[in-house]
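Analysis of the macromolecular model
Next come the chains, spelled out residue by residue.
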Amino acid sequence: MKVKILARNPDDYVRETKFDIQRVPRNYDPTLHPFEVSREYTRALNATKLERVFAKPFLASLDGHRDGVNCMAKHTKSLSTLLSGSCDGEVKVWDLTKRECVRTLQAHEGFVRGMVVRYCGTSFFTAGDDKTIKQWKMEAPGYGEEEEPLNTILGKTVFTGLDHHQKDGVFATCGQQVDIWDEQRSSPIRSFTWGVDSFSSVRFNPVETELLASCASDRSIVLYDMREAAPLKKVIMTMRSNTLCWNPMEAYYFTCSNEDYNLYTYDMRILDRPVTVHMDHVSAVLDVDYSPTGKEFVSASFDKTIRIFPKAGGHSREVYHTKRMQHVICIKWSADNKYILSGSDEMNIRLWKANAAEKLGVLAPRERQAANYSQKLKEKFQHHPQIRRIAHHRHLPKSIYHQTKELRTMKEARRRKERNVRKHSKPGTVPVVSEREKHVVTVVK
């Protein structure tokens, strides 16, 4: 005779002390939870809808400039400090926590072309149309003191860009040539030229600090090593690049903003073709800046929008715009990975959230847990048609919507024509050129 009894081991559910975590028995057998996937799908759909409901990226507008904002600089030590330079030669220092201007100085006559904070954060440099480079104290002058630069260097030509070394008292400028300067000297310690009229941007590599790159007017991007006497190599593209930015985490990658509405991410070791072509803008891209994590970057365009791209994604995950914002000239991603700052033609600096639906402020543990759970659900179901449609949908200004449509039609027509020509030509006479190879003319070493 068999007798069935319930047998339980107290070790499975009884706590040894009152401070132990309660043990909850749970059966993970999927056959006992037949509606788990459908329940999670519903939660993921609701989380995606709520994300779009709470997506309010615009935080504040910093006004005070009397001309278009032409360049900005992040403080190397302080998250709450921002510097901006305008087209009338005025430089302003902003406190982002109070959202107000704490200092104004007339730095140059004409445009402020470049601005950078020294690596120690005690001073900053500005370059302008009046052919001068000036070094200023970061602290405001005391009562009764005059606002005067610590140092002034008079150059022979107009400077169009400026960047500082990460560890040494060395900075680089660009104009008719790329110059390397020592802070203690009034003449450049090294100059690089490569048969080019002018350069628009110069950037030091954040990791290999002796390396730098610049964008030139002959549609090329040139790489230099400060220890060498001549430039290393350059890649010539079909259209001119405006600015470039190095990836702070994988510093052999850099992204350049181009006049042909695209951005190109290159591996500096292989310049024959870009690693990724980032498309979505409908006008020239004027500036680009990476997030401190190196996973994303933000671009500013002449089409009055800001777009956030994944570093390996061909299309943007987010687009920001307002009715009043005009051509966006400069862009910065804050060092805490939370905010984006944009400077535009109509004299305003705007503060945006890097993640449009993120809740700012202190989160309770349960709130943080719920947000993480929702994020994982969205990632799990991101390829489902309905969730993908809601997550990717963005309202665009009418003009940009129609321009996007027109560009898509033009691209499709070119593709169709090329396909027809290839179909009616001798095999092999019309080669297939990939999108990445189309835009590179040649690499010169």
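Labelled according to an unreviewed UniProt entry, the protein chain appears under the name DDB1- and CUL4-associated factor 13, originating from Lates calcarifer. Taken verbatim from the UniProt record of the protein chain, the Sequence similarities (unreviewed entry) comment is "Belongs to the WD repeat DCAF13/WDSOF1 family."

So, the UniProt feature "domain: Sof1-like protein" (unreviewed entry) in the protein chain
Within this numbering scheme, the UniProt entry marks residues 354-440 as carrying the feature "domain: Sof1-like protein" (unreviewed entry). Across residues 354-440, the secondary structure splits into 62% helix and 1% strand, with the terminal C-alpha atoms separated by 32 Å.

Describing the nonpolar core
Grouped together as the largest cluster of nonpolar side chains are 18 residues, with contacts concentrated most on Ile221, Leu223, Leu244, Trp246, Phe254, Cys256 and Tyr266. Counting residues per element, the ones that place at least two in this core are β15 (211-216), β16 (220-225), β17 (233-237), β18 (241-246), β19 (253-258), β20 (262-267) and β21 (276-279). The next biggest cluster of nonpolar side chains, apart from the first, holds 15 residues, and it includes Val170, Ala172, Phe199 and Val202.

What about the pattern of salt bridges?
According to the stated counting rule, one finds 23 salt bridges in the structure shown. Ionic pairing is found between Glu40 and Lys380, a salt bridge with its closest N-O pair at 2.6 Å. Here Glu40, found in helix α1 (residues 36-53), pairs with Lys380, found in helix α2 (residues 365-380); they are 340 residues apart in sequence, far enough to count as distant. The class for Glu40 is buried, based on a relative accessible area of 14%. A salt bridge links Lys338 to Glu358, with the nearest nitrogen and oxygen atoms 2.8 Å apart. In this pair, Lys338 is assigned in the loop between β26 (328-333) and β27 (339-344) and Glu358 in the loop between β28 (348-353) and α2, connecting sequence segments 20 residues apart. Residue Glu358 is classed as partly exposed on the basis of its relative accessible area of 23%.

Structural notes on the packing of α1 against helix α3 (residues 385-392)
As a packed pair, α1 and α3 sit with axes 9 Å apart at the nearest point and diverge in direction by 10 degrees. Classified by the interaxial angle, the pair formed by α1 and α3 is roughly parallel. Note on packing geometry: the crossing formed by α1 with α3 is left-handed. Each of Tyr41, Ala44, Leu45, Thr48, Lys49 and Arg52 in α1 lies in contact with α3, whose residues at this interface are Gln386, Ile387, Ile390 and Ala391. Looking at side-chain class alone, the contact of α1 with α3 contains 6 nonpolar, 2 polar and 2 charged residues.

Here's the deal with the sheet that holds strand β9 (residues 151-154)
Pairing is antiparallel across the open sheet formed by 4 strands, whose spatial order is β6-β7-β8-β9. One side of each edge strand has no neighbouring strand; the edge strands of this open sheet are β6 (112-117) and β9. Averaged over all pairs of adjacent strands, the angle between strand axes in this sheet comes to 15 degrees, irrespective of strand direction. The pairing of β6 with strand β7 (residues 123-128) spans 5 bridges and is classified as antiparallel. Of the residues in β7, the one forming a bridge with Gly114 is Ala127.

Some details on the sheet that holds strand β12 (residues 178-182)
The strand order β10-β11-β12-β13 describes an open sheet built from 4 strands, whose pairing is antiparallel. Looking at which strands have only one partner, the edges of the open sheet turn out to be β10 (161-164) and β13 (190-192). Across the sheet, the mean angle separating the axes of adjacent strands is 20 degrees when strand polarity is ignored. Here 3 bridges tie β12 to β13, and the two strands are oriented antiparallel to one another. Paired with Val178 across the bridge in β13 is Phe192.

Conventions used here
- Residues numbered from 1 in each chain as written.
- Predicted model: local features only at pLDDT ≥ 70, side-chain atom pairs only at ≥ 80, totals over all residues.
- Heavy atoms only, no water.
- UniProt positions renumbered as here; feature names shortened; annotations may be inferred.
- Helix = DSSP H or I, 4+ residues; strand = E, 2+ residues; numbered from the N terminus.
- Core = buried A, V, L, I, M, F, W, Y, C linked by side-chain atoms within 4.5 Å.
- Buried < 20%, exposed > 50% of the residue type's maximum accessible area, 1.4 Å probe, protein only.
- Salt bridge = Lys/Arg side-chain N within 4 Å of Asp/Glu carboxyl O.
- Axes fitted to C-alpha atoms, helices over the stretch in contact; angles between N-to-C directions.
- Parallel < 35°, antiparallel > 145°, perpendicular 65-115°, else oblique.
- Left-handed = near helix turned anticlockwise from the far one by under 90°.
- Contact = heavy atoms within 4.5 Å.
- Nonpolar A, V, L, I, M, F, W, Y, C, P; charged D, E, K, R; others polar.
- Pairing = 2+ DSSP bridges.

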